[in-house]
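In case you want the letters, here they are:
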Amino acid sequence: MTTLHTRTSTGDPYYQDVPGYMTEVYDWAYVNPRKARLLDHKLVVRTLLFGNDQRLMRAYLDEIRPGEKVWQVAHVYGDLVQRAAERVGEEGRFTLTDITPIQVELAEGKLAANGQAAVVRADAARYQPEQQQDLVCSFFLLHEVPENMKSAIVDNMLAQVARGGRAMFVDYHRPAPWQPIGWLLKWVNRVLEPFAEALWRNGIDSYAREADRFTWSKRTVFGGVYQIVLARRKD
């Protein structure tokens, strides 16, 4: 199990109270403000997802209904957060959380003109909105966190789902044997994504202590490289 440490130095506000695994593994992608600003473009997302970005985003956006309360558990580069906030409409509420200061800053800039949106700096495993949510979504977060945090995040997401509501997880999955991208991803995982291959072995529902309170469905795309999982609360 990965041991988590928190960097609390006040010398750089962008690193204040950021979990250790973020600074140790993902500084280049999500913590360092200069690099994060360079990466925050739709073309970067499209490249990283091998051209499947719009397909995967549509699965999430199509699940949002006007007037709903939606919590997205982490910022995503590109324009996804604006599109999600627009989907809830003026009668809805869109809340975005993230643990790193630069991601909060980037999200605030994108959502500043959207009156139904809020950005909160918070840990996805601990955040508790004032009201339960109609939809809670993790868009490519779980593969970036250690095993114990996967469980904590999934449990907290499900705990915040209102009666009749849903939780959605869009993330990596074990590629089919014939999918050549799988070999490339194995190399990427060894070098850059040490927590990712757990999702090749474990179903997302296996991280939930109260999985039986939900009805689970899953579909995979791009030869099994990605999964779209929807958990509907039964009661």
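Residues numbered from 1 in each chain as written. Predicted model: local features only at pLDDT ≥ 70, side-chain atom pairs only at ≥ 80, totals over all residues. Heavy atoms only, no water.

Visitor: Give a detailed account of the pattern of salt bridges, specifying residues and quantitative values.
Guide: Side chains carrying opposite charge are able to pair once their charged atoms draw close together. Throughout the structure, instances matching the rule amount to 20 salt bridges. One salt bridge in this structure joins E63 and R65, with 4.0 Å as the shortest N-O distance. The exposure class of E63 is buried, given its relative accessible area of 13%. Salt bridges sharing partners connect three or more residues here, namely E63, R65, E68, R166 and R232. (Salt bridge = Lys/Arg side-chain N within 4 Å of Asp/Glu carboxyl O. Buried < 20%, exposed > 50% of the residue type's maximum accessible area, 1.4 Å probe, protein only.)

Visitor: Report on helix α6 (residues 80–88), specifying residues and quantitative values.
Guide: Because the α-helix completes a turn every 3.6 residues, residues three or four places apart line up on one side. Along α6, the residues that are buried comprise L80, V81, A84, A85 and V88. Relative to the axis of α6, the buried residues are bounded by an arc of 130° and lie together on one face. Note on α6: the residue one or two positions beyond its end, G89, has a positive phi of about 75°. (Helix = DSSP H or I, 4+ residues; strand = E, 2+ residues; numbered from the N terminus. Arc of directions from axis to C-beta.)

Visitor: Mind laying out the packing of helix α5 (residues 53–61) against α6, listing which residues take part and the relevant values?
Guide: Packed helices, taken two at a time, are described by the angle between their axes plus the distance between the axes. Two numbers describe how α5 lies on α6: the axes approach to 10 Å, and their chain directions differ by 25°. Classed by the angle they form, the pair α5 and α6 counts as roughly parallel. Between α5 and α6 lies a crossing of right-handed hand. Counted together, Q54, M57, Y60 and L61 of α5 and L80, R83, A84 and R87 of α6 form the full contact between these two elements. Residue composition of the contact of α5 with α6, by class: 5 nonpolar, 1 polar and 2 charged. (Axes fitted to C-alpha atoms, helices over the stretch in contact; angles between N-to-C directions. Parallel < 35°, antiparallel > 145°, perpendicular 65-115°, else oblique. Left-handed = near helix turned anticlockwise from the far one by under 90°. Contact = heavy atoms within 4.5 Å. Nonpolar A, V, L, I, M, F, W, Y, C, P; charged D, E, K, R; others polar.)

Visitor: Can you tell me about the pairing of strand β5 (residues 117–121), naming the residues and giving the values?
Guide: Pairing analysis gives 5 bridges linking strand β4 (residues 93–98) to β5, with the strands arranged parallel. Residue pairing across strands places D98 opposite R121, the latter belonging to β5. (Pairing = 2+ DSSP bridges.)

Visitor: Hey, could you go over a nonpolar patch on the surface for me, with residue numbers and the actual values?
Guide: Together, W28, L184, W187, V191 and L192 line one region of the surface with nonpolar side chains, adding up to about 480 Å² of accessible area. Per element, the largest residue contribution to the nonpolar patch is 3 residues, and it comes from helix α9 (residues 181–191). In this fold, L192 is placed in the loop between α9 and α10 (198–201). According to the relative accessible area criterion, L192 is partly exposed, its value standing at 32%. (Patch = residues over 30% accessible without salt bridge, like charges linked within 9 Å, V, L, I, M, F, W, Y side chains within 5 Å. Areas by Shrake-Rupley, 256 points an atom, 1.4 Å probe, with all protein chains shown as cover.)

Visitor: Can you lay out the pairing of strand β9 (residues 226–233) for me, pointing to particular residues and giving the numbers?
Guide: Counting buried residues in β9 gives 7 out of 8 residues, a clear majority hidden from the surface. As judged from the 7 bridges shared by strand β7 (residues 161–172) and β9, these two strands associate in the antiparallel manner. Residue F169 lies in a different strand from β9, and its bridge partner there is V229. Here 8 bridges tie strand β8 (residues 214–221) to β9, and the two strands are oriented antiparallel to one another. When the sheet's bridge partners are listed, T220 is paired in β9 with Q227. With antiparallel pairing between neighbouring strands as the criterion, β8 and β9 make up a hairpin whose turn holds 4 residues, including F222 at a positive phi of roughly 55°.

Visitor: Account for unusual backbone geometry, naming residues and giving values.
Guide: Positive phi values are uncommon outside glycine, yet D17 reaches one of about 60°. By secondary structure assignment, the location of D17 is in the loop between β1 (6–7) and β2 (18–19). D17 gets classed as partly exposed once you look at its relative accessible area, which sits at 38%. One non-glycine residue, F222, adopts positive backbone phi at about 55°.

Visitor: Mind laying out the packing of aromatic side chains, listing which residues take part and the relevant values?
Guide: Tallied over the entire structure, the rule returns 13 aromatic pairs. Considering the side-chain rings of F140 and Y172, the 5.2 Å spacing of their centres and the 80° angle between planes classify their relative orientation as edge-to-face. Pair noted here: F140 is in the loop between β6 (133–139) and α8 (147–159) and Y172 is in strand β7, with a separation of 32 residues, a long-range link. For the pair shown, F140 and Y172 are each scored as buried. An aromatic cluster is defined as three or more aromatic residues linked by ring pairs; in this entry it consists of F50, Y60, F139, F140, Y172, F222 and Y226. (Phe/Tyr/Trp six-rings, centres within 6.5 Å; stacked < 30°, edge-to-face > 60°.)

Visitor: Residue-level account of the nonpolar core, with values.
Guide: Among the nonpolar cores identified, the biggest contains 77 residues, and L56, Y60, F94, F139 and I153 are the most heavily contacted of them. Residues contacting F94, with those up to four places away along its chain left out, are Y60, V70, Q72, V81, A84, A85, V88, L111, Q116, A117 and A118. (Core = buried A, V, L, I, M, F, W, Y, C linked by side-chain atoms within 4.5 Å.)

Functional significance is not addressed by these values, which are geometric in nature.
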